Amino acid sequence: MERAITTTQQADITITPSEAVAVLGANGHTGRFVVAELLRRGLKPIAIGRSAERLAEAGFAERGVECREAAIEDDAALDRALAGAAAVINCAGPFMDTADAAVRAALRAGIHYLDVTAEQPSVQATFDRHEAAARKAGVVVIPAMGFYGGLADLLVAALMDEWQHADTVEIRVALDSWLPTKGTRVTGEKNRAQRLAVSGGQLGPVHQPPAEKVAVLPAPFGRQTFVELPFSEVPLIARHIRTNELHTFLSTTALRDVRDPSTPSPQAIDETGRSAQRFAVEVIVTQGELCRLSLAQGQDIYAVTAPIICEAVQRILSGEIRETGAKPPAAIFHAASFLSALGSDLSVEALETSDVQKVHP
């Protein structure tokens, strides 16, 4: 038996136009998408970078965006840069180098913090170091609120729905290509930490050699080979969802691209700056003989991060949150409603079946 899993509609959201959102690393590849998305939503971005010259080159001033110069390691400059903001979005990686200082600055200012890290150690450090202070300050701190991390956390939570636990959670990420940014390459070179997954109900290192599997996805992907390679979604999901197994797999096509030093950076194909890259994220959750599956598809993993994190900011500023503190996205927001609100940027299909082998060979 199969049934469609429906999502609730987005609630009406009002926003005070004077509430400003600071963007650290605004002149970077993802940062520019975030600034543009904030403007599209009628919010007031403050573009922050360590170089006034690079901020000027990004053309923010021509769009009426205030620019402020600050280095992440300069507390006083960072405090001045965050003045007047209601929230800060950190797009300046590697996040093991920047997140702690940025969260501390947000807490000093009494404002909300979000970032787009794919780094597992950064997520864990943010939770461990800042949960109590964020809860005491009454602010929201969300690491990994982007394509890597937050999207999978929301997809899993939406599938779980009334389930209190899962036997297995499996995430498969397919990219038809991965043209990495300079920031992605720098982070990859510096992030040598062991990758973590959940096995036997315990968070621990991914088994070596990593597991591989083959699955068939809709066009343009077709038959894909995947290798276990978890990102920031694992510490997010493991923080609030009980499961015996939690594993993430990346398509080998994407892995070859990102490991090849000759692979070029993303190339824009339209006026928004998006590349032609297509992605699919398949999530499979099982409990006994029941299996729930969702498939999210879209264009450009860097570009789609902007509506994901800006939707989060908009909901936080409107008070549409469950609680405060340093938490995973799905602990803060209603997952199904959140995903429904991304409909123009993300296609999400879901189903439930009693035939586990049909979708989970």
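Residues numbered from 1 in each chain as written. Predicted model: local features only at pLDDT ≥ 70, side-chain atom pairs only at ≥ 80, totals over all residues. Heavy atoms only, no water.

A. Main features of the nonpolar core. Grouped together as the largest cluster of nonpolar side chains are 108 residues, with contacts concentrated most on Met145, Phe147, Ile171, Trp178 and Val281. Dropping the residues within four chain positions of it, Val281 is found in contact with Phe147, Leu151, Leu155, Ile171, Arg172, Val173, Ser294, Leu295 and Ala296. Of all hydrophobic cores here, the second largest spans eight residues; its members include Ala174, Leu217, Phe226 and Phe249. (Core = buried A, V, L, I, M, F, W, Y, C linked by side-chain atoms within 4.5 Å. Buried < 20%, exposed > 50% of the residue type's maximum accessible area, 1.4 Å probe, protein only. Contact = heavy atoms within 4.5 Å.)

B. Spotlight on the sheet that holds strand β6 (residues 112–115). Strand order in the open sheet made by the seven strands is β4-β3-β2-β5-β6-β7-β16, with parallel pairing throughout. Among the strands making up the open sheet, the edge pair consists of β4 (66–69) and β16 (325–326). Note: strand β3 (residues 44–49) against β4, four bridges, orientation parallel. Note that in β4 the partner of Ile46 across the bridge is Glu66. Along the sheet, helix α4 (residues 95–109) contacts β2 (20–24), β5 (85–90), β6 and β7 (140–142); its crossing angle with β6, the most-contacted strand, is approximately 165 degrees. (Pairing = 2+ DSSP bridges. Helix = DSSP H or I, 4+ residues; strand = E, 2+ residues; numbered from the N terminus. Axes fitted to C-alpha atoms, helices over the stretch in contact; angles between N-to-C directions.)

C. Spotlight on the pattern of salt bridges. By the definition in use, this model includes 21 salt bridges. Note that Glu311 and Arg41 form a salt bridge whose closest N and O atoms lie 2.9 Å from each other. Of this pair, Glu311 sits in helix α10 (residues 301–317) while Arg41 sits in the loop between α1 (29–40) and β3, placing them 270 residues apart in sequence. We note that Glu311, like Arg41, is buried. Asp128 is paired through a salt bridge with Arg239; the nearest N and O atoms lie 3.6 Å apart. Separated by 111 residues along the polypeptide, Asp128 in helix α5 (residues 120–137) and Arg239 in helix α8 (residues 233–240) bring together distant segments of the chain. Here the salt bridges share partners, and the residues they tie into one network are Glu37, Arg40, Arg41, Glu311, Arg315 and Glu320. (Salt bridge = Lys/Arg side-chain N within 4 Å of Asp/Glu carboxyl O.)

D. Examining the confidence of the model for the protein more closely. The predicted model of the protein averages 92 in pLDDT, with 93% of residues at 70 or higher. Across residues 1–17 the pLDDT falls below 50, and counting only partners more than four positions away or on other chains, this stretch makes 38 contacts in the model. (pLDDT = per-residue confidence, 0-100.)

E. Structural detail: the state of the cysteines. Taken as a whole, this structure holds zero disulfides when the rule is applied. With no disulfide partner, Cys67 has as its closest neighbouring cysteine sulfur the one in Cys91, 14 Å distant. For the unlinked cysteine Cys91, the closest cysteine sulfur is that of Cys310, found at 8.3 Å. Its relative accessible area of 14% is what places Cys91 among the buried residues. (Disulfide = S-S within 2.5 Å.)

F. A look at the pairing of strand β8 (residues 165–175). The element β8 is largely enclosed, with a buried count of nine among its eleven residues. As defined by bridge partners, β8 adjoins strand β13 (residues 242–251) across eight bridges and the pair is classed as parallel. Residue pairing for β13: Arg172 is matched across the bridge by Phe249. Summarising the sheet, β8 and strand β14 (residues 278–287) pair through eight bridges and their orientation is antiparallel. Among the inter-strand pairings, Val169 is bridged to a residue of β14, identified as Val285.

G. Region of the structure containing a positive patch on the surface. Taken together, Arg32, Arg54, Arg63 and Lys182 make up a surface patch of like positive charges. Structurally, Lys182 is set in helix α7 (residues 182–190). (Patch = residues over 30% accessible without salt bridge, like charges linked within 9 Å, V, L, I, M, F, W, Y side chains within 5 Å. Areas by Shrake-Rupley, 256 points an atom, 1.4 Å probe, with all protein chains shown as cover. Lys, Arg positive; Asp, Glu negative; His and termini not counted. Charge placed at Lys NZ, Arg CZ, Asp CG, Glu CD.)

H. Quick look at unusual backbone geometry. Here Gln208 and Pro209 are connected by a cis peptide whose omega angle stands at -5 degrees. For the bond from Ala219 to Pro220, the omega torsion is 10 degrees, close enough to zero to count as cis. You can see Pro220 is positioned in the loop between β11 (212–217) and β12 (222–228). The residue Ala144 is not glycine, and still its phi comes out positive at about 60 degrees.

I. Summary view of the pairing of β2. The buried count for β2 comes to five of five residues, which makes it a mostly enclosed element. The alternating pattern of β2 places Ala20, Ala22 and Leu24 and Val21 and Val23 on opposite faces, both of which are buried. Sheet topology places β2 next to β3; five bridges connect them, and they run parallel. Bridging across to β3, Leu24 finds its partner in Ile48. The parallel pair β2 and β3, bridged by α1, forms a crossover whose chirality is right-handed. Note: β2 against β5, five bridges, orientation parallel. In the sheet register, Leu24 faces β5, and the bridge partner there is Asn90. (Right-handed = clockwise from strand over helix to strand, strands pointing away.)

J. Here's a closer look at the packing of aromatic side chains. Counted under the stated rule, the structure contains six aromatic pairs. Between Phe147 and Tyr148, the ring centres sit 4.9 Å apart and the planes meet at 80 degrees, which makes this aromatic pair edge-to-face. Judged by its relative accessible area of 4%, Phe147 is buried. Of the aromatic side chains, those joined through ring pairs into one cluster are Phe147, Tyr148, Trp178, Phe231 and Phe279. The residue whose ring lies beneath Arg195 is Phe231, and the NZ or CZ to ring-centre distance is 5.1 Å. Just above the ring of Trp163 sits the side chain of Arg292; from NZ or CZ to the centre is 4.2 Å. (Phe/Tyr/Trp six-rings, centres within 6.5 Å; stacked < 30°, edge-to-face > 60°. Lys NZ or Arg CZ within 6 Å of the ring centre and 35° of its normal.)

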